[in-house]
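Listed here are the chains, written in short residue letters.
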Amino acid sequence: MVKNLQFLQAQKGKRKIAMATGYDYPTAVLLDQTNMDVVLIGDSVGTNVLGYQSEKEVTLDDIIHHTKAVNRGIKNAYIVADLSYQTYTNPDMALTNAKKLLASGANGIKLEGYHPSIIHHLHKNHIEVWAHIGYNAQFHEKAAIQGKSFSQAKQLLTETLHLQEAGAQMVILELVPEEVARAITNKLTIPTIGIGAGRYTDGQVLVIQDLLGITSYQFRHAKKYAELNSDIKSAFENYIKEVKEGIFPTESNFTHMKEEDLSLFDEWMKNKEKVTN
Ligand code: KIV
């Protein structure tokens, strides 16, 4: 079943929306074989896949490259892609870059922070826009809970309402206290998707590396549903051992020449000039 924006918005108050990041074709195929609602090509691709130190190093071309790969593997899930750092510093730049992400296969784009005029401009130009508030890797130095105090919570709720009025159609709440996320979720008419924001958002998102246990550390906000890190390492170790001990490959992994060709070949090897073809 194809998940479009209307479908996602209609889930508010009915059932939770499941979302994960995805960065490559084979994983996208697997995600799409499940009932994953949304796949995000986030700027987390930088630290999780590209070996960058920070999300700020991720370029729009990086996001485009990975969006194209994910798009090739997705038939049903909604694809949202991040506008990377400093690619939406004014409304026209944001629109130009958003169109590039849509041309690469994204259904909608996401941008971090409080930018009502940018969101308004994108919405006016028929772009499906996701806001992303709370902790923003592109703007905050350290990953920390946002909106903990009374005044911060008030500000977060007020700003999120403004983003909805400006045209945001979905919103990510990252690292905010559960009470604040719940209040925002109840006030908004658009769905909220939480990460480290508690139980009451309209859906959840996890970085796929954390979900699969490829990341070696354990974030409080995440849950490992597999231990791929150790599975992959032990696969490598077994392979190395079998290569070194001559256990791999076996008969089932290779082919032989026909007797007839083999004897011709042997003959030719012994004395090249006698080979008649
Ligand atoms: O880039 C990303 O993976 C994100 C999620 C943390 C929501 O923005």
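Our structure is the block above this text.
None of the values given here were measured: they were computed from a predicted structure. (Residues numbered from 1 in each chain as written. Predicted model: local features only at pLDDT ≥ 70, side-chain atom pairs only at ≥ 80, totals over all residues. Heavy atoms only, no water.)

Quick look at the packing of aromatic side chains now. Inspection of the entire model under this criterion finds five aromatic pairs. Aromatic side chains Tyr 217 and Phe 219 sit 5.1 Å apart centroid to centroid with 75° between the ring planes, which places their arrangement in the edge-to-face category. Geometrically, the ring pair formed by Tyr 239 and Phe 248 is edge-to-face, given 6.1 Å between the ring centres and 65° between the ring planes. In this structure Tyr 239 comes out as partly exposed when scored by relative accessible area, which is 49%. Exposure remark for Phe 248: the relative accessible area of 37% places this residue in the partly exposed category. (Phe/Tyr/Trp six-rings, centres within 6.5 Å; stacked < 30°, edge-to-face > 60°. Buried < 20%, exposed > 50% of the residue type's maximum accessible area, 1.4 Å probe, protein only.)

To continue, consider the side chain of Gln 209. Within the secondary structure, Gln 209 sits in helix α9 (residues 208–211). Setting aside its immediate chain neighbours within four residues, Gln 209 contacts Tyr 23, Asn 48, Val 49, Ile 214 and Thr 215. (Helix = DSSP H or I, 4+ residues; strand = E, 2+ residues; numbered from the N terminus. Contact = heavy atoms within 4.5 Å.)

Here the focus is the site of the ligand. Around the ligand, a shell composed of Thr 21, Leu 40, Gly 42, Asp 43, Ser 44, Asp 82, Lys 110, His 132, Ile 172, Glu 174, Ile 195 and Val 207 is seen. At 3.0 Å from an oxygen atom of the ligand is found a side-chain nitrogen or oxygen belonging to Asp 43. Compared with its free state, where it exposes 260 Å², the ligand has 96% of that area covered by protein. Its residues assigned to classes, the shell around the ligand comprises four nonpolar, four polar and four charged. (Near = heavy atom within 4 Å. Polar contact = N/O pair within 3.5 Å; in protein donor to acceptor, adjacent residues only side chain to side chain. Areas by Shrake-Rupley, 256 points an atom, 1.4 Å probe, with all protein chains shown as cover. Nonpolar A, V, L, I, M, F, W, Y, C, P; charged D, E, K, R; others polar.)

Of all five residues that make up strand β6 (residues 170–174), five are buried, and the element is covered over most of its length. Where burial is concerned, the two faces of β6 agree: the one with Met 170, Ile 172 and Glu 174 and the one with Val 171 and Leu 173 are both buried. Judged from the five bridges that link them, strand β5 (residues 129–134) and β6 form a sheet pairing that is parallel. Across the sheet, the residue bridging to Ile 133 is Leu 173, located in β6. Assessed by its sense of winding, the connection that carries the chain from β5 through helix α7 (residues 150–166) to β6 is right-handed. Alignment of β6 against strand β7 (residues 192–195), held across four bridges, turns out to be parallel. Residue pairing for β7: Val 171 is matched across the bridge by Thr 192. Each parallel crossover has a hand, and the one from β6 via helix α8 (residues 178–187) to β7 is right-handed. (Pairing = 2+ DSSP bridges. Right-handed = clockwise from strand over helix to strand, strands pointing away.)

These results come straight from atomic positions and should not be treated as a statement about function.
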